[in-house]
Amino acid sequence: MSRRLRNFRPGRRAAEWDTGHTDDEEMTRMTLTHIEQRSAPTEHIAVRCVDSDVHPVPRRGVLIDYIPEPWRSKYFLSHPIGEQIYYDAPDYAHAYAMRTDTFPPDGEFAGSDPDLAFRQLVMEAGADICILEPLAPGGRLPEASHASAIATNRWLDEHWLDSRNNWHQRWRGSITVAIEDPTGAAREIEKWAGHPFMSQILIKAEPRPSWGDPQYDPIWAAATKHDITVSCHLGRGKFETLPIPPVGFPSYNHDFMVTYSLLAANQVMSLIFDGVFDRYPTLRIVFVEHAFNWILPLMWRMDAIYAARKSSVDISRKPSEYVKDHIKFTTQPLDYPEDKTELLRAFEWMECEKILLFSSDYPHWTFDDPRWLVKHLPEHARDAVMWRNGVETYKLPTTVPVLEGQTRVF
């Protein structure tokens, strides 16, 4: 990596490697010396799969210690409430929308064990580099959300990106920021921008106003200053930030699931028509888990409006060109019709090799295995979607240390 490590403390704690898993004894023995010593092999291999959406989760009671005062005591410890469920995934009451095999044997939550995630996602599924996207607990107040972001970044650095848990150099982190507090977000970006394993900035789409508003310029300025991609993972919001359609609250949760894409579409329009990419011509944006099939008709519609009202629109080129040059979308969820050839045609029309990044959504129940996903891509786009776009978008290395026994996606 070209960015240098600047005064970052080594990690304090790490889970032990689980050698009790017997699904594949040879895989468990793959590089036993390197695993025990937690040291990366010197030999490297070409990257062929970049996973743009992996969710690490703090163990119970760990994150609260990282939240700075006074917000730890006055907000997060003084608001004991039950879970607000806006999501009715199959078997939610039992597995909380997670793959049941991703819960570690010690009873902690799915995605909380770096070693289990390494075995399942890297060794077995074949991901070469994984972008970690912790979903920081939000707050009603911008200051509380900022405190939560500070805690999440410190936790991720010490529990996933440290030399014990990232000895294999396959994890890349996200600088979580509270977009509701643009000035605080810019400070947090400056604090972590030199970290060799922080590869993107992570924001949410729900807070108002839309991203074209100049109040967010400190975030875009910090991102472009350090040449770091800004990613937005879908969120459900709280209170007035719930993603409400123009006609009001939907009747069912599955209405909400579709609404997330509408929210992303509005942010795309705001970024383009409000001139964000003209103000920050090197800015890169990634929409994570917002689906992507909708971008094709949206580009057609924006281009038509631009052609009809060019003299009244303060942008320098067609909206579709901004999308293809500045915006990426992750593949999960992959929505496809019964006739798979229709999906291939849609891929061709939207020039998927320019705008898509592979993502698995590990450890969620909607996990897309890269070995399955690659088969649904047009052959000419496989390299771009599965790894090349990820390398370019996140400024990643093109090789990683060899791990004997690791699955290769293709």
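Residues numbered from 1 in each chain as written. Predicted model: local features only at pLDDT ≥ 70, side-chain atom pairs only at ≥ 80, totals over all residues. Heavy atoms only, no water.

Peer 1: Which residues make up the overall build of the protein, and what values do they have?
Peer 2: For the protein, the helix and strand inventory stands at 16 helices and ten strands. A buried classification covers 56% of the 410 residues belonging to the protein. Of all intrachain contacts in the protein linking residues separated by at least 6 positions in sequence, the fraction that spans at least 24 positions is 81%. Entry remark: accessible area of the protein is about 18,000 Å², with carbon and sulfur atoms responsible for 53%. (Helix = DSSP H or I, 4+ residues; strand = E, 2+ residues; numbered from the N terminus. Buried < 20%, exposed > 50% of the residue type's maximum accessible area, 1.4 Å probe, protein only. Contact = heavy atoms within 4.5 Å. Areas by Shrake-Rupley, 256 points an atom, 1.4 Å probe, with all protein chains shown as cover.)

Peer 1: Please provide a residue-by-residue account of unusual backbone geometry, values included.
Peer 2: Phi is mostly negative for residues that are not glycine, and the peptide bonds are mostly trans. With an omega of 10°, the peptide bond between Glu69 and Pro70 qualifies as cis. Counting through the fold element by element, Pro70 comes out in the loop between β2 (50–54) and α3 (71–76). Look at Glu351: it is not a glycine, yet its phi comes out positive at around 55°. Following the sequence through the fold, Glu351 ends up in the loop between α13 (340–350) and α14 (352–355).

Peer 1: Tell me about the sheet that holds strand β5 (residues 198–203), and name the residues and values.
Peer 2: The eight strands lie next to each other as β2-β3-β4-β5-β6-β7-β8-β9, forming an open sheet whose pairing is parallel. Unpaired on one side and paired on the other, β2 and β9 (356–357) mark the two borders of the sheet. Of the strands in this sheet, β2, β3 (129–132) and β4 (171–176) are in contact with helix α5 (residues 114–124), which crosses β4 at around 120°. (Pairing = 2+ DSSP bridges. Axes fitted to C-alpha atoms, helices over the stretch in contact; angles between N-to-C directions.)

Peer 1: Tell me about the nonpolar core, residues and numbers included.
Peer 2: One finds Trp211, Trp220, Val268, Ile285 and Phe329 to be the most contacted residues of the largest nonpolar core, which totals 107 residues. Contacts of Val268, omitting those with residues within four sequence positions, involve Phe287, Trp294, Ile295, Leu298, Met302, Val323 and Ile327. (Core = buried A, V, L, I, M, F, W, Y, C linked by side-chain atoms within 4.5 Å.)

Peer 1: Report on empty space enclosed by the protein, specifying residues and quantitative values.
Peer 2: Here the structure, examined in full by the defined rule, presents two cavities of 30 Å³ or more. Computed from the structure, the second largest cavity encloses a volume of approximately 30 Å³. Lining the second largest cavity, in full, are Ala223, Thr224, Asp227, Ile228, Thr282, Leu283 and Arg284. Looking at the lining of the second largest cavity, its residues break down into three nonpolar, two polar and two charged. (1 Å grid on protein atoms, 1.4 Å probe; cavity = no way out; pocket = protein on both sides within 12 Å on 5 of 7 lines; lining within 4 Å. Points joined across faces, edges and corners; volume = space filled by probe spheres on them. Nonpolar A, V, L, I, M, F, W, Y, C, P; charged D, E, K, R; others polar.)

Peer 1: Hey, could you go over the packing of aromatic side chains for me, with residue numbers and the actual values?
Peer 2: With the rule as written, the count across this model stands at 14 aromatic pairs. A centroid spacing of 5.7 Å and a plane angle of 15° characterise the contact between Phe287 and Phe329, whose relative ring orientation is stacked. Placement of Phe287 in strand β7 (residues 285–288) and of Phe329 in strand β8 (residues 327–330) is noted, with a sequence separation of 42 residues between them. Both residues of the pair, Phe287 and Phe329, belong to the buried class. With a centroid separation of 6.2 Å and 80° between ring planes, the pair formed by Tyr362 and Phe367 is classed as edge-to-face. You'll find Tyr362 and Phe367 in the same group, each marked buried. (Phe/Tyr/Trp six-rings, centres within 6.5 Å; stacked < 30°, edge-to-face > 60°.)

Peer 1: Which residues make up the layout of surface pockets, and what values go with them?
Peer 2: Empty space within the second largest pocket amounts to approximately 250 Å³. Along its surface, the second largest pocket is lined by 15 residues, and Arg208, Ile244, Leu262, Leu263 and Asn266 are the ones closest to its centre. By residue class, the composition of the lining of the second largest pocket is nine nonpolar, four polar and two charged.

Peer 1: Describe the packing of helix α7 (residues 182–192) against helix α8 (residues 217–225), listing the residues and the values that go with them.
Peer 2: The N-to-C vectors of α7 and α8 enclose an angle of 15°; their axes lie 8 Å apart at closest approach. By the angle between their directions, the pair α7 and α8 is classed as roughly parallel. Read as a crossing pair, α7 and α8 show a hand that is right-handed. Only Pro218, Ile219, Ala222 and Lys225 of α8 make contact with α7, whose side of the interface consists of Pro182, Ala185, Ala186, Ile189 and Glu190. (Parallel < 35°, antiparallel > 145°, perpendicular 65-115°, else oblique. Left-handed = near helix turned anticlockwise from the far one by under 90°.)

Peer 1: Could you give me a rundown of the pairing of strand β6 (residues 229–233), with the residues and numbers involved?
Peer 2: Among the five residues that make up β6, five are buried, leaving the element largely enclosed by the rest of the structure. Neither face of β6 is open: one carries Thr229, Ser231 and His233, the other Val230 and Cys232, and all of them are buried. Pairing geometry for β5 and β6, over four bridges, is parallel. Across the sheet, the residue bridging to Gln200 is Thr229, located in β6. In the classification by handedness, the crossover that spans β5, the intervening α8 and the parallel β6 is right-handed. Pairing between β6 and β7: four bridges, direction parallel. Residue His233 lies in a different strand from β7, and its bridge partner there is Val288. (Right-handed = clockwise from strand over helix to strand, strands pointing away.)

Peer 1: Quick rundown of the side chain of Ser359? Include the residues and the values.
Peer 2: Relative to the elements of secondary structure, Ser359 occurs in the loop between β9 and α15 (370–373). From its side chain, Ser359 meets the backbone nitrogen of Gln332 in a polar contact 3.1 Å long. Residue contacts for Ser359: discarding those within four places in its chain leaves Asp51, Ser52, Asp53, Thr330, Thr331, Gln332 and Asp368. (Polar contact = N/O pair within 3.5 Å; in protein donor to acceptor, adjacent residues only side chain to side chain.)

Peer 1: Explain α8 to me, and be specific about the residues and the numbers.
Peer 2: Three or more residues of α8 are buried, namely Asp217, Ile219, Trp220, Ala222 and Ala223. Packed against the buried residues of α8 are α7, β5, β6, α9 (253–273), α10 (276–279) and β7. Of the residues trailing α8, Asp227 is marked for its positive phi of about 55°.

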